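# Residue-level structural notes
What follows is the residue order along each chain.
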Amino acid sequence: MVPLKKLHTFGFETSARDLVEINTEADLFSIFDCVNTTDYYLLGEGSNSVFLEDYSGTIILNKLTGIDVQENSDEFNLSVASGESWHSLVEYTLSIGAFGFENLALIPGTVGAAPIQNIGAYGVEIEKFISSVEYYDIPKGCFNVLSHLNCAFAYRDSIFKHRLFNKAVITKVNFTLPKKNTVESSYAPLNQLDKPTPHDVFHKVIEVRREKLPNPKVLGNAGSFFKNPVVTNEILKKIEKHYNPVPHFRVSKTTVKIPAAWLIDQLGFKGKMYLGVKCHERQPLVLVNIGNGNGEGLLMLAREIKQDVYNTFAIELENEVRLVGNRGLISL
Ligand code: NAP
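Attention in this report is confined to the structure presented alongside it. (Residues numbered from 1 in each chain as written. Predicted model: local features only at pLDDT ≥ 70, side-chain atom pairs only at ≥ 80, totals over all residues. Heavy atoms only, no water.)

By the bridge criterion, two bridges tie strand 1 (residues 2-3) to strand 2 (residues 15-22) in an arrangement that is antiparallel. In the sheet register, Val2 faces strand 2, and the bridge partner there is Ala16. Pairing geometry for strand 2 and strand 5 (residues 55-62), over six bridges, is parallel. Note that in strand 5 the partner of Ile22 across the bridge is Asn62. (Pairing = 2+ DSSP bridges. Helix = DSSP H or I, 4+ residues; strand = E, 2+ residues; numbered from the N terminus.)

Attention now goes to the site of the ligand. Taken together, 17 residues sit near the ligand, with Gly120, Tyr155, Arg156, Lys212 and Lys257 positioned nearest. Contact between the ligand and Gln283: an oxygen atom at 3.4 Å from a side-chain N or O atom of the residue. The separation between a nitrogen atom of the ligand and a polar side-chain atom of Glu320 is 2.9 Å. If the ligand stood free it would expose 810 Å²; the protein chains cover 81% of that surface. Put simply, the parts of the chain that give the shell around the ligand at least two residues each are strand 8 (120-121) and helix 3 (198-212). (Near = heavy atom within 4 Å. Polar contact = N/O pair within 3.5 Å; in protein donor to acceptor, adjacent residues only side chain to side chain. Areas by Shrake-Rupley, 256 points an atom, 1.4 Å probe, with all protein chains shown as cover.)

The residue Ser185 is located in the loop between strand 12 (168-178) and helix 3 in this model. Filtering out sequence-adjacent residues up to four positions away, Ser185 remains in contact with Leu190, Asn191 and Pro196. (Contact = heavy atoms within 4.5 Å.)

Where nonpolar side chains cluster on the molecular surface, the patch consists of Ile67, Tyr92 and Ile96 and spans about 210 Å² of accessible area. Along the polypeptide, Ile67 turns up in strand 6 (residues 67-71). (Patch = residues over 30% accessible without salt bridge, like charges linked within 9 Å, V, L, I, M, F, W, Y side chains within 5 Å. Salt bridge = Lys/Arg side-chain N within 4 Å of Asp/Glu carboxyl O.)

The subject of this paragraph is the pattern of salt bridges. As enumerated under the stated definition, the model contains 11 salt bridges in all. Note that Lys172 is salt-bridged to Glu25, the shortest N-O span being 3.9 Å. In this pair, Lys172 is assigned in strand 12 and Glu25 in the loop between strand 2 and helix 1 (27-34), connecting sequence segments 147 residues apart. Its relative accessible area of 26% is what places Lys172 among the partly exposed residues. Owing to a relative accessible area of 27%, Glu25 belongs among the partly exposed residues under this scheme. Measuring nitrogen to oxygen at the nearest pair gives 3.3 Å for the salt bridge that ties Asp265 to Lys270. Overall, Lys270 belongs to the partly exposed group, its relative accessible area being 37%. Three or more residues joined by partner-sharing salt bridges are found here, namely Arg17, Asp18 and Asp39. (Buried < 20%, exposed > 50% of the residue type's maximum accessible area, 1.4 Å probe, protein only.)

The subject of this paragraph is helix 1. Within the sequence span of helix 1, burial applies to Leu28, Ile31 and Phe32. Looking down the long axis of helix 1, one finds its buried residues gathered within 90° of arc, a one-sided arrangement. Exposed side of helix 1, more than 90 degrees from the buried face: Asp33 and Cys34 are the residues found there. Packed against the buried residues of helix 1 are strand 2, strand 3 (40-43), strand 5, strand 10 (130-137), strand 11 (142-147) and strand 12. (Arc of directions from axis to C-beta.)

A separate point is unusual backbone geometry. Cis rather than trans, the peptide bond between Ala188 and Pro189 has omega equal to 0°. Mapped onto the elements of the fold, Pro189 is located in the loop between strand 12 and helix 3. Cis rather than trans, the peptide bond between Asn244 and Pro245 has omega equal to 5°. Within the secondary structure, Pro245 is located in the loop between helix 4 (233-242) and strand 15 (249-250). If you check the backbone angles, Asn118 has positive phi at about 45° while not being a glycine. Examined against the element boundaries, Asn118 turns out to sit in the loop between helix 2 (86-95) and strand 8. Even without glycine at this site, Ala152 takes up a positive phi of about 50°. By the element assignment, Ala152 lies in the loop between strand 11 and strand 12. A residue is classified by how much of its surface remains accessible, and Ala152, at 45% relative accessible area, is partly exposed.

Below you can see the structure in the form of structure tokens.
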């Protein structure tokens, strides 16, 4: 058995049957020749997966590295191996004067995980800069490339969560960073900065995230546990009868986004704990392992939050974090 405590940021004391590493793209042929196609879990930095109990399959760990940069008068074109750390890439692009990723500083995880949930923060979604995604097609046993258009990007969503779910190992992400990109500073607290440069935005985002979010190296966690829900105007109106004001942001004429943290906070979950898993006091959207937590505690807390939010607001929260049980993914 292989211990998983250090391979996922929640840090539960669980293990997996075995583990193989992808060090080169060619490794994928031999790995998928040997691994039973239903019996594996693809893992990068383990910042969006929680191993709730011992996993009975093989962990396939992404260690693909390498960054290729081409520059012309209009843009930077980057081809980045999927096992690179996302935040290190943000730092690197800033260091060479390629801008656009600064709003996405400190988002944990690998570059390969970024397109899967179309990571986004402070008004920027990564799809804006993705020209194509290269992947190994597991059922077909060959490499393939998807153009931006064919990735079906949406809010925290892409084809890799649907038709290609568990069928693709992303090997490279190709980005285009235009030299004329404008700084995005419309979201609070960036909107308080006076004519910010990309570096100003980068430092502010880091400051805010460090202030609000617990460091997983100190307190095990997987960042925002639930997605921010998009709801209809009717649901918003019903909530406003009992709570006023209700923070919300317009998504379309008929829908708004309500911060999940606000919903959870209204129900008094801050600080609530089951079996060593606690709803964080500063940011209730983050559930933390206080050191001796386990999967049972996490499920109890997450299920109670989901149920209470539904009972009170008629909003179905969806977990952003992947929950892995003995035989693979499980739902709340
Ligand atoms: P926050 O800044 O308190 O925002 C909470 C929610 O309000 C988010 O859904 C955010 O939209 C929305 N919002 C805030 N200002 C907005 C504006 N001016 N216009 C439209 N919508 C607005 O959230 P937080 O939890 O502290 O997270 C900070 C940022 O990191 C947020 O942008 C959040 O979405 C992002 N984040 C991303 C991931 C990920 O990619 N997996 C994980 C955690 C947090 P958006 O969702 O569109 O940003």
